[in-house]
Structures are given as structure tokens and as C-alpha cells.
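# Fold and geometry: a report
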Amino acid sequence: MDLTEPIASLPKTSSVTIKKLQSLEIKNYYDLINYFPSRYEDYSLISKIKAVQPGETVTLTGQISDSKYQVTRTGLRIQVFKLKDDTGEIELGFYNQPYLLRLFKKGMILSISGICERYGKKLSMKPKEYELNNTKIHTGRIIPIYPEKRGLSSKTIREKMFNVLNNVENNPAEIFPEQVISFNNLIKENIAYKQIHFPDSIESARKARERLAFDELSVIQLTNRLVKKEWEKEKVGNRFTMGINHELSLKQFVDNLPFKLTNAQKRVWEEISENLKSQKPMNRFLQGEVGSGKTVIAALACYFSYLNGYQSILMAPTEILALQHYSTIIQLFKNTKVKIGLQTGSHKTNSTSDIKKLNIIIGTHALISKKIKFGKIGLVIIDEQHRFGVAQRSELKNKGINPHLLTMTATPIPRTVALTLYGELDLSVIDEMPPGRKQVKTFFVPKEKRSSGYRWIKSQITTYHSQVFIVCPLIEESEIETMKSIKAAKAEYENLKKIFSEFNLGLLHGKIKSKEKNQTMEDFKNRKIDILVATPVVEVGVDIPNATIILIEGVERFGLAQLHQLRGRVGRSNKQSYCFLFTEKETSTIVERLKMFSKTNDGNKLAEEDLKIRGPGDIYGIKQHGYLDLKIASLSDYQMIEKTKKAVDYLEKHYSIDELPELEKRIDNHKMEEISKD
Ligand code: ADP
Ligand code: MG
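Predicted model, so just to flag it, every value in this text is computed and none were measured. (Residues numbered from 1 in each chain as written. Chains lettered and ligands numbered in written order. Predicted model: local features only at pLDDT ≥ 70, side-chain atom pairs only at ≥ 80, totals over all residues. Heavy atoms only, no water.)

Moving on to the overall build of the protein chain. Secondary structure summary: the protein chain contains 21 helices and 20 strands in total. Against the compact-globule benchmark of 26 Å for 678 residues, the protein chain has a radius of gyration of 29 Å, which places it among compact chains. Considered along the principal axes of its C-alpha atoms, the protein chain spans approximately 95 × 70 × 40 Å. Counting every position in the protein chain, which comprises 678 residues, the buried fraction comes to 54%. Taking the contacts inside the protein chain whose residues are at least 6 apart along the sequence as the reference set, 72% of them involve residues at least 24 apart. For the protein chain, the exposed area adds up to about 31,200 Å²; of that, 52% sits on carbon and sulfur atoms. Here the protein chain carries 104 positive and 81 negative side-chain charges, and the mean point of each set is 4 Å from the other. (Helix = DSSP H or I, 4+ residues; strand = E, 2+ residues; numbered from the N terminus. Rg over C-alpha atoms; globule rule 2.2 N^0.38 Å. Buried < 20%, exposed > 50% of the residue type's maximum accessible area, 1.4 Å probe, protein only. Contact = heavy atoms within 4.5 Å. Areas by Shrake-Rupley, 256 points an atom, 1.4 Å probe, with all protein chains shown as cover. Lys, Arg positive; Asp, Glu negative; His and termini not counted. Charge placed at Lys NZ, Arg CZ, Asp CG, Glu CD.)

With 91% of its residues at a pLDDT of 70 or more, the protein chain has an overall mean of 86. Confidence, expressed as mean pLDDT per element, reaches its minimum in the protein chain at helix 12 (residues 390-398) with 69 and its maximum at helix 10 (residues 295-307) with 97. Counting contacts from residues 615-627, a segment whose pLDDT is below 50, to residues more than four positions away or on other chains yields 45 contacts. (pLDDT = per-residue confidence, 0-100.)

With a probe scaled to a water molecule rolled over the atoms, the places where space remains empty come into view. Of the pockets and cavities examined, the second largest pocket occupies roughly 1,300 Å³. Lining the second largest pocket are 44 residues, and of these Pro258, Phe259, Thr328, Leu332 and Asp543 lie nearest its centre. Only helix 8 (244-255), helix 10 and helix 11 (319-332) provide two or more residues apiece to the lining of the second largest pocket. It is helix 11 that provides the largest number of residues to the lining of the second largest pocket, a total of seven residues. Taken together, the residues that form the lining of the second largest pocket break down as 14 nonpolar, 21 polar and nine charged. When residues of the lining of the second largest pocket are assigned to domains, at least three fall in each of domain 4 (244-430) and domain 5 (441-625). (1 Å grid on protein atoms, 1.4 Å probe; cavity = no way out; pocket = protein on both sides within 12 Å on 5 of 7 lines; lining within 4 Å. Points joined across faces, edges and corners; volume = space filled by probe spheres on them. Nonpolar A, V, L, I, M, F, W, Y, C, P; charged D, E, K, R; others polar. Domains from an automatic or database assignment.)

Moving on: the sheet that holds strand 10 (residues 340-343). Reading across the sheet, the seven strands line up as 10-11-9-12-13-8-14 and stay open at both edges, with parallel pairing between neighbours. Strands at the two margins of the open sheet, each flanked by one partner only, are strand 10 and strand 14 (426-430). Going across the sheet, the axis of each strand differs from the next one's by a mean of 20 degrees, ignoring polarity. Each of strand 8 (283-288), strand 12 (377-382), strand 13 (404-409) and strand 14 touches helix 9 (residues 263-276); the most contacted strand, strand 14, lies at about 155 degrees to it. (Pairing = 2+ DSSP bridges. Axes fitted to C-alpha atoms, helices over the stretch in contact; angles between N-to-C directions.)

This part covers the nonpolar core. If you look at the biggest cluster of nonpolar residues, it comprises 71 residues, and the most contacted ones within it are Trp269, Leu276, Phe333, Ile362, Ile381, Phe469 and Ile552. In terms of residue count, helix 10 provides more of this core than any other element does, 10 residues in total. Formed jointly, this core draws a minimum of three residues from each of two domains, domain 4 (244-430) and domain 5 (441-625). Excluding residues that lie within four positions of it along the chain, isoleucine 552 makes contacts with Val471, Phe558, Leu563, Leu566, Cys579, Phe580, Leu581 and Phe582. Val168, Ile220, Leu222 and Leu425 belong to the second largest nonpolar core, which has 62 residues in total. (Core = buried A, V, L, I, M, F, W, Y, C linked by side-chain atoms within 4.5 Å.)

Inspection of the secondary structure puts serine 327 in helix 11. With relative accessibility at 31%, the residue serine 327 sits in the partly exposed group.

Here we come to the packing of helix 7 (residues 202-233) against helix 20 (residues 638-654). The geometry of helix 7 relative to helix 20 is characterised by a closest axis approach of 9 Å and an angle of 50 degrees between their N-to-C directions. By the angle between their directions, the pair helix 7 and helix 20 is classed as oblique. Helix-helix and strand crossings are classified by hand; for helix 7 and helix 20 the assignment is right-handed. Contacts from Glu210, Ala213, Phe214, Leu217, Ser218, Gln221, Leu222, Arg225 and Lys229 in helix 7 reach Met640, Ile641, Lys643, Thr644, Lys645, Ala647, Val648, Asp649, Leu651 and Glu652 in helix 20. Considered class by class, the residues forming the contact of helix 7 with helix 20 number nine nonpolar, three polar and seven charged. (Parallel < 35°, antiparallel > 145°, perpendicular 65-115°, else oblique. Left-handed = near helix turned anticlockwise from the far one by under 90°.)

Let us now look at the packing of helix 11 against helix 16 (residues 514-525). The contact between helix 11 and helix 16 brings their axes to 10 Å, and the two run at 50 degrees. With respect to each other, helix 11 and helix 16 are oriented oblique. Remark: the crossing between helix 11 and helix 16 carries right-handed chirality. Residues Glu319, Ile320, Leu323, Gln324 and Ser327 of helix 11 form the contact with helix 16, whose participating residues are Ser514, Lys517, Asn518, Met521 and Lys525. The residue inventory of the contact of helix 11 with helix 16, partitioned by class, reads three nonpolar, four polar and three charged.

As a further point, take the site of ligand 1. Residues in close proximity to ligand 1 total 16 residues, the closest being Lys260, Gly291, Lys294, Thr295 and Arg437. Within the side chain of glutamine 265, one N or O atom sits 2.8 Å away from a nitrogen atom of ligand 1. Take lysine 294: an N or O atom from its side chain is 2.8 Å from an oxygen atom of ligand 1. Its free accessible area being 570 Å², ligand 1 has 84% of it covered by the protein chains. If you map ligand 1 onto the pockets, it falls in the second largest pocket. (Near = heavy atom within 4 Å. Polar contact = N/O pair within 3.5 Å; in protein donor to acceptor, adjacent residues only side chain to side chain. Sits in = over half its atoms within 2 Å of the grid points.)

Before going further, it helps to spend a moment on the packing of aromatic side chains. Counting across every chain of the model gives 22 aromatic pairs. Where tyrosine 303 meets tyrosine 306, the ring centres are 5.8 Å apart and the plane angle is 10 degrees; that geometry is what we call stacked. One end of the pair is tyrosine 303 and the other is tyrosine 306, both in helix 10 and three residues apart, which spans about a single turn. Taking the relative accessible area as the measure of exposure, tyrosine 303 reaches 9% and is therefore buried. Under the relative-accessibility criterion, tyrosine 306 is labelled partly exposed at 21%. (Phe/Tyr/Trp six-rings, centres within 6.5 Å; stacked < 30°, edge-to-face > 60°.)

Written out as C-alpha cells, the structure is:
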């Protein structure tokens, strides 16, 4: 076995299982061993039957001596077996697994793990795990529990994992030189992979996790440093100049805005224009809370590019956002000669041959991968992108373009984390909201108050013409909308139409034709629609300043940072806005979290809070992108981040990358992963 072999060649594996593994993005054995357990069960205490104590979690091995089938008074079907070793006998009760009666035959060797109970004098066990022939994969050790997704059981994954780990010849080859390993007191990588899945002790699982987190953070940093170096080696095409004329034009542009720039916007613009004037291509990351006004900064940069005779590209993650940018940008440039075009899958304002003549081209993230003949591109802006454009950069480079690059996001990233992980990346932060904004009043609505919540919303629409977003629950953990979540959204929409029968409702989800989608957005903007029902994956950055109420269903499935982003769709004007949180699951932890969310409006704090409660591999709701998208390391582990930064500095100083071929492979691998995610 070789780690690069495709997962489809797993021996003794059904095609169904293979498909399920593939749907988890496990393409080869290497991906498989990088699918980490979320926790463990300790079944390492092995006992003889006679020595077992009630309440003890143990593993027993013996011969099956008897089997029978029982139905309890409540109708439960139980399969009962007797297990015998040389010291005694114990009864095992399985619930609702009739196939076991066929599988377990008298005389077979069976190992079981679970908690023993005593009923009167009789000792029995409800097995949690079992296996035949004492293979020691599922019992008699500390066993890994994997996140169960897409109908793939932990047991299946465990079995496949065990076989692969025991049969790969070239266990992941060591990526670091000995000095780095010993200096940081790390265990070897191939040992770490075995121990993270099948640890000898909880302590060695911890050491394994530490080693693999170290790898992950180091590889990210090295990749980003290398990409940055490559990027900077390129000749900069375009240095923008700021003569007095350009300065005046830009000033006029700002003076014509319907508002005054905030101090934060002014500062950020200074930082960006400084880059644009330099010979080095800009690679700046612009972070700012939802509604902090990033779009106008993007527009200023585009204008500067235009004044210098360059074309700019502005890309958004979805068609709707692209459309919205298009109408905003047209509005902002209405007193200028700037020619603006839109190019998405279903909207093309200009024919392909005309694109060269445009000054600003707006589209989705796919825009630059298309076979379009652009003009002289001086600037590329990527909106609502949580990662750092590794893919876009290589795409552009392949096309021989080396423009200035601005990436924008509302995802809060602790500054130290961003700077360490993403190398000498330039970071600008708009840390101030436009004046007059009121905090969104946030309420957690318990089940019994749901209908009065609806009543209150109705009265707001009637009295103030308020506009409302209703966000449907997240049905499946997926970035893309599945048919299931769309069905749920449709059902919810029908239901809400009955509740709000006197108002106009619109529905928005991913599978609606974009023409219809645009119409709905247009109608919402023009107040023809009172309530817009939407799935949570659509349109994070939608800007409808008149919308003042947002109701979010199934809030327990979101991370706080995500809820915060959703909440940011309202509160975009000086009107008081409201956010209602609905959940079907009112456990005390959830309620507590939501109460804390109601009181906090600081995205950074909420992101930190998410990090604290998020167990490894445990994900709330939509898979988070970018910086949160770590497999095993934790970004709240500042110590580890600092440690890996030092190691990376050391490596850079003492080695060239071709002296470390295994590390280089890993970096290439990581780059490919980033690209495929984008
Ligand atoms: P985001 O940073 O989330 O992309 P937008 O750029 O969409 O935010 O801006 C949100 C809203 O705030 C827009 O309606 C925009 O016109 C408005 N806005 C931006 N800057 C200011 C400002 N300095 N003063 C007042 N309103 C502003
Ligand atoms: Mg935006």
C-alpha cells in the first residue's frame, strides 16, 4: 500500500462505502489518515469475566455459549447472548440488531466492550463495541470515535483506518529535519499518525495531536511565505501614479459621496493607495465588520486604477452579490466616465470582445478563470473571501498578469493570528462603523413566545413598513445547498406565507434561476416584498439598508461568528434594527450561548468564543472557511502558533526548500488543497 493510492482501491470495501468516503473529500489513503477522530473511548481495561465489577467499563473476550431472541413488554427486540471464558459467564443484550443472531455462532470468539451491570445476582453487559476473533481494532484498547457524517459509521472508518495504517509501507515520511523535531520536543510524524488514531494512552494521543498541529500550522506558514515570495519576484506591471490631477479627481469622487468617510475608511484608503503607488504588487487583506463600508474603499481603488489607465476586476462569491455590487458601483460612479460591466454565468452586459474596453468588470469568483481577453488589468479585488487568494494568485500568474490584489472579508481574524499564519501579509482593518448606526437589538425567543414574536413583526411591518429577512434553518452541514435544505426552505416558505398571509413574501435559495433571484432582490429593494425568506448559505453581504428585522431559525446549528454575520444584514442604516433567534433545542448550554450572543456585538469576541467551545473536528453548522478551516490545530493556541513561527523562521534561515523534499511535497499538497477549495 502506498499513501497516494486512490481510496477506491481499499480492499474489501463496498462501493457504497467508497462513495461515502469520497464525499468526505477523502480521495486517497493520505486523506484518510488525515481524517482525525473527534474523541476516544477507553476500552483498554481487559478483564476476566469473574473479576468484573458492576459499573466498570471493560473489555471481555470469550466464547459464545448461547443465543436467544427476546421481546420486552414495551416491544423492544433484544438479542441475548452468553459469553463464557475460563472464569465465568456473562449475559450480553443487544437492542434491535437481529442480524447478530446470524453473525454470532456458538463457539465463536467474541470480544465486547461496554459497561457491566448487575441485576440481582446476574451480571450482564450492554455492549458498546464488539468484534470477532479478538482483532483488537474496536475493543481492548482506546478506540477512536470519528465524526459520523453522510451515513458513514465510526466503526467502518475505524476498520479502514486500522488496515491502512498497518499496511502502508511509506508511512508519512518525516517532513522536518531532526533539529526541529528534537528542539520542539515532538514525536515522529509516522508515530503521530498511528497514535492519533489508535493511541496507547490518552497522553500519547495528546502528543500525537500536538505533533500534527505543529505540522499543520508550519505548513500553512511556509506555504504562504513561499507564495508571497514567488508573487513578489514577479515584475510589477503597474505602478499607479498620484499626480495632482489624480489626487483632485479622487478628492472629487469622495466629495460626491452621499456620506463622509469614517476615519477608519480614510486610514485604510491611505494604506491601500500607498501600496498601489509602489513597484511591488499589493497583496492586502481588508477586514471590516459587516456594514463597515468596504465597498466604497474598493470603488476608490478601482477609480485610482482607472485614472492610471488600468482595468479593475471586482469579484464576489455569488451572482447576487455581484449584481448588487454592480448596481452600487454604477451608482457611485454615475458622475464619472468610468465604464462598468457585469459578467456572470447568466448576466453579461457586454460581449466578450467588448470587455477590453471596460474599466471595471464585476463578476463572481470564477471570472478570472474564464477564457476572457481582458485589457490591462491593474487591480483585482476579491470580496467576501475568507482565505487569501492563493488560488486566484496562481490563476492570474498563469495568465501572465501580476496586478495589485485586494481581498476583503467581514470574518474577524485576531490580528496576531493573521499576521503569523499569513506571513508578511498586509492587513488593513476598518474598525469603526459609520456614524449613527444603532446596535442591533438581539433577542433569544423561547418556543412558547414564538407566536408573539410573529405578531410583533407583523405590527412593525404594518406600522413602520419594516422589511424582514427570515433565515431558514441549516438542514445539512454543507457549504453548498443540498436538495434537502432547499426542500425545507420551500416548506418553511409555504408555512410562513400562511402566518404572514397579509404581506408579500419572497423566497431565495441557491437553486432558483438567477433571473428570478434578481427579480426577487429587486422587489425586496423596491419594497414590493415585505419578508424575504432565504436559506442561510446565500448572500452574506447583501446590503438592503431598509431591512431592519432579521429572524434566524435553528440558531443552534451556527457558530456565533456566523450568526453575527447573518445579523449584519440588518442595522445598515440609522434606524433601530432587531434580530430574533429561534431554536428548537433549548438546552441550557445553547440558551446560555445565545444570551451571551444577544449581549455582544463584537465579532472578534464572538469568534474567540467559537474557538473556545469548538472541539477538534467538531463543526457548528456550515463549514467555516479559511482561517478557521484547520484540521487539527487550534487558533486559540497562541503558544503553538508562536512556536511554529519560530520553527519556520529557523527552517527558512538554515535550509533551502529543495533540501527538504518531503516538506516541499507537503507544501505543494497544501497549495493544491487550497486551490480546490477556492
Ligand atoms: P460592507 O463592509 O459590509 O461591505 P458596505 O460597503 O456594503 O459594507 O456598506 C454598508 C452600508 O454603509 C452601505 O449602504 C454604504 O452606503 C454605507 N456606508 C459606507 N460608508 C459609509 C460612511 N462613511 N457613512 C455612512 N454610510 C456609509
Ligand atoms: Mg460587502
